[in-house]
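Chain by chain, the residues:
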Amino acid sequence: MHFVQIYLRSVRDTYTWHTEHPVQVGARVALKFRGRPRIGIVISVSLQKPEYKTQPIDEILDEQFIPATWISLAHWTSEQNFTPISQVMSLIIPEKFLLQCDPVVREKFWFLTGNEFETLKGVKQKLVIEKLLLSEATDEKLREIASPTVLKNLAEKGIIAFRLGNIAPAAQPDFTRPVHELSPLQQEVFEKISHSKKSCLLWGVTGSGKTEIYKKLAEKVLEKGNQVLILLPEIALTPQLIAEFRSVGSVAVWHSKLSEGERVQEWARCVSGEAQILIGARSAAFIPLPNLKLIVLDEEHEWTFKSETAPRLWTHDVAEWLSFALQTKIVFGSATPRLESWMRCENEEWNRVELLSRINETELPKIQFVDMRNEVKFGNYGPISSYLAEAIGATVDAGKQVVLFLNRRGFSGSTTCRMCGETYNCPHCDMPMKLHRNGKNARMICHVCGHLAPFTDQCPHCEATNFVFRGWGTQQVEQVLKDDFPGLRVLRADADSMGGKHDFRKLCEKFSNHEADVLLGTQMVAKGLDFEKVALVGVILADVGLSLPDFRAEERVFQLLTQVSGRAGRRTMQGNILIQTFKPDEKIFSFIKHNDTEGFLSWQKENRLATKLPPFGAIAKILFSHTDKKTAFDTAQSLFREIKKRSDCVCNFAPAFWPRTHGKYHFHVFLQTETREELYVVLRSLSLPIGARIDVNPASLL
Ligand SMILES: [Zn+2]
Ligand SMILES: [Zn+2]
């Protein structure tokens, strides 16, 4: 008898069934759960009878539905991240495969089989025949001229029939970008990566043409009939990028905006091998690719590669696990690598390959800082300094375009009554609500929980009408630009202005066609966009995020500002960057000014070595949240005491940086050890209260 542990959709725990036939992990089976028929996936097999009575499975539907490697990946991820395996399995397989035997739609091709169509009377029927006399046609094409009933009738008369083609892919761009010859430098980099036995960090400045190198690497892998996985931050998954890889092979895509139906199609194309290249965001790392031989993780410094929901993991770790299990090549790409990745190269675990000049050999942009304290001295309290104003004017007059970046949406950071000093705080989060102004409409929005409140120009406490707006937001900058530069065409890109699925793409097209002079926005405008005519990039306030009490705060600001700067002068001319700050003496800015990534990283290395923070030590963050402050406090405290009793590792316990959000109080317990192994030993020894959230190697301490 074989005892099989089964994953079922929407069931947190996994249970055991039995079968007389041998069965492999990854098989798809039909069974009864609580008296109802269900479809499940075998996640482990044993000859050992469990202590409880088991039921037989009804039928093995597919002997090997998911390759065993991905079931092992699920087990590993579950253990590493203290997450139930069911939660990981839901990333590995779309749930429709557990609801229906065959949810996959294949393309239908209709063709003529008989010739007794002379007598047909129906106009629609004749149209179909006329079309099919020329060539066979897809179901989709015929639907344009006739209804499914017409087709069915013709098929019943034996006049037409269909054959099934490939699995229909999700919508993709209808254009392809050609593969270009590599420059001598790119060729050299390509060779180095091709011959490297280790994982590679491709350190390439923005605009150096990393994508062409990935394409060549993919081409080589596809020649042998293997598959490629390209992981990107969600925001970089543009139609342009997908079109780049379509010239190399058949592409599947995977991101959060796919519909459930599209997920099924793309998944089936990957698993069957019909798709040769999978391009996707973080979650694509879990999609089974049976012939996987190359993994590319581009923009590896992006924080979106760390999941903030369970399983809380770095995509880097998943990619490395796969690379080890399947013996595949792996390439991490970035202009501003994480210190963690940089150190892997210093320690010779990875190879560092450099690509430090731009394709068209344009100079890297010229970077200047503007001391905003001087502006205040001369009475300018607004977000646009006199230098930036002048530069915007000159750039637009010369027929070029401007990108302005500010990492804060809305109108202002906080709104305080000038008379009574009351600040508009969110009732659920104890944090300032942000004022949002859209023409005449004004309202307060909490950026943490989304709570909305009307904003009248009268203080609810003292009825005064005079407010202090602290901290500029993108809406305020837009207002100032419109007031100060009449006729200037401004586009704004932030979470407020970009509601729909295609809004951002349309806006980019508009800007690309020079239908606007200025593109103003949050992080959205910083990443991966390539506009030919941008000659000036202005950073409205570089200080945002710098004063956060977090060991990665500087790394984040450095990466972001370097990315933003890369938006200027990408094609033929040298760009200008103006960075406004109230703290021009911050050490980080000297590295940004000189494009000195290496210097920045060695400075960060010193800091982290001194504090034993990752990658020079291991850290875990355990979060407790409760609507009752005392309950949250007590639970955290008792765990803190338990750790202290069991281990001599560094441990502390404190209210979270944002102590109350969504109506809940938050407390953190931090654990620090020298190695990851020691950390796991301590974590596994604990009896954790329900609801505790463990985050190993957190992206942030906040
Ligand atoms: Zn007031
Ligand atoms: Zn709130």
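A.B. asks: Got a minute to help me understand the packing of helix α6 (residues 184-195) against helix α7 (residues 210-223) in this structure?
C.D. replies: Working note: a packed helix pair is described by the angle between its axes plus the distance between those axes. The contact between α6 and α7 brings their axes to 10 Å, and the two run at 45°. The pairing of α6 with α7 is recorded here as oblique in orientation. The handedness of the crossing between α6 and α7 is right-handed. Of α7, the residues touching α6 (which contributes Q186, V189, F190, I193 and S194) are E212, I213, K216, L217 and K220. Tallied by class, the residues present in the contact of α6 with α7 amount to five nonpolar, two polar and three charged.

A.B. asks: Sorry if this is basic, but what is going on with the coordination of the zinc ion (ligand 1) here?
C.D. replies: Put simply, the ideal angle at a metal is 109.5 degrees for four donors in tetrahedral geometry and 90 or 180 degrees for six donors in octahedral geometry. Donor atoms from the polypeptide that coordinate the zinc ion (ligand 1) comprise C417 (SG), C420 (SG), C459 (SG) and C462 (SG), at 2.3 to 2.4 Å from the metal. Taken together, the four donor atoms surrounding the zinc ion (ligand 1) define angles of 102 to 115° at the centre, an arrangement classified as tetrahedral. Donor residues binding the zinc ion (ligand 1) come from one chain and are separated in sequence as C-x2-C-x38-C-x2-C. With C417 in strand β18 (residues 412-417) and C459 in the loop between β21 (452-454) and β22 (467-472), the pair connects residues that are 42 residues apart, well separated along the chain. In terms of burial, C417 and C459 fall into one category: buried.

A.B. asks: How do you make sense of a negative patch on the surface when you look at a structure like this?
C.D. replies: Side chains of D648, E674, E677 and E678 sit close together on the surface and give a patch of like negative charge. Note that E677 resides in helix α20 (residues 676-685).

A.B. asks: Just checking my understanding: could you explain the sheet that holds strand β6 (residues 106-112) for this structure?
C.D. replies: The pairing of strands in a sheet happens through backbone hydrogen bonds and is either parallel or antiparallel. One open sheet accounts for three strands, arranged β7-β6-β8; its pairing is antiparallel. Strands with a single pairing partner mark the edges of an open sheet, and in this sheet they are β7 (137-138) and β8 (160-167). Pairing of β6 with β8 involves six bridges; the strand directions are antiparallel. By the bridge assignment for β8, K108 is matched with L164.

A.B. asks: Looking at this model, I keep getting lost on the nonpolar core. Mind explaining?
C.D. replies: When a protein is soluble and globular, its nonpolar side chains tend to lie buried together. In terms of nonpolar packing, the biggest core is built from 123 residues, with I66, M89 and I93 touching the most fellow members. When residues in this core are grouped by element, the largest group, six residues, is from α7. Counting residues in hydrophobic clusters, the runner-up holds 22 residues, among them L404, L481, F485 and I540.

A.B. asks: I would appreciate a short explanation of the domain arrangement of the protein chain in the present structure.
C.D. replies: Many structure descriptions define interface size as the accessible area lost when the parts assemble. Per the domain assignment, the segments making up the protein chain are domain 1 (2-98), domain 2 (106-167), domain 3 (184-355), domain 4 (366-409 + 473-606), domain 5 (412-471) and domain 6 (618-696). Centre-to-centre, using C-alpha coordinates, domain 1 lies 50 Å away from domain 4.

A.B. asks: Would you take a moment to explain unusual backbone geometry for this structure?
C.D. replies: Glycine aside, residues mostly have negative phi, and peptide bonds are mostly found in the trans state. With an omega of -10°, the peptide bond between A310 and P311 qualifies as cis. Mapping P311 onto the fold places it in the loop between β13 (292-298) and α10 (315-326). The residue after P614, namely P615, is reached through a cis peptide bond having omega 5°. Mapped onto the elements of the fold, P615 is located in the loop between α18 (597-611) and β27 (618-626). Positive phi is not limited to glycine here, since N595 has a value of about 55°. Summarising the element assignment, N595 is placed in the loop between α17 (587-593) and α18. By relative accessible area, which is 36% here, N595 ends up partly exposed.

Thresholds, definitions, all that
- Residues numbered from 1 in each chain as written.
- Chains lettered and ligands numbered in written order.
- Predicted model: local features only at pLDDT ≥ 70, side-chain atom pairs only at ≥ 80, totals over all residues.
- Heavy atoms only, no water.
- Axes fitted to C-alpha atoms, helices over the stretch in contact; angles between N-to-C directions.
- Helix = DSSP H or I, 4+ residues; strand = E, 2+ residues; numbered from the N terminus.
- Parallel < 35°, antiparallel > 145°, perpendicular 65-115°, else oblique.
- Left-handed = near helix turned anticlockwise from the far one by under 90°.
- Contact = heavy atoms within 4.5 Å.
- Nonpolar A, V, L, I, M, F, W, Y, C, P; charged D, E, K, R; others polar.
- Donors = N, O, S within 2.8 Å, 3.2 Å for Na, K, Ca; no water.
- Tetrahedral: all angles 85-135°; square planar, octahedral: opposite > 155°, others 65-115°.
- Buried < 20%, exposed > 50% of the residue type's maximum accessible area, 1.4 Å probe, protein only.
- Patch = residues over 30% accessible without salt bridge, like charges linked within 9 Å, V, L, I, M, F, W, Y side chains within 5 Å.
- Areas by Shrake-Rupley, 256 points an atom, 1.4 Å probe, with all protein chains shown as cover.
- Salt bridge = Lys/Arg side-chain N within 4 Å of Asp/Glu carboxyl O.
- Lys, Arg positive; Asp, Glu negative; His and termini not counted.
- Charge placed at Lys NZ, Arg CZ, Asp CG, Glu CD.
- Pairing = 2+ DSSP bridges.
- Core = buried A, V, L, I, M, F, W, Y, C linked by side-chain atoms within 4.5 Å.
- Domains from an automatic or database assignment.

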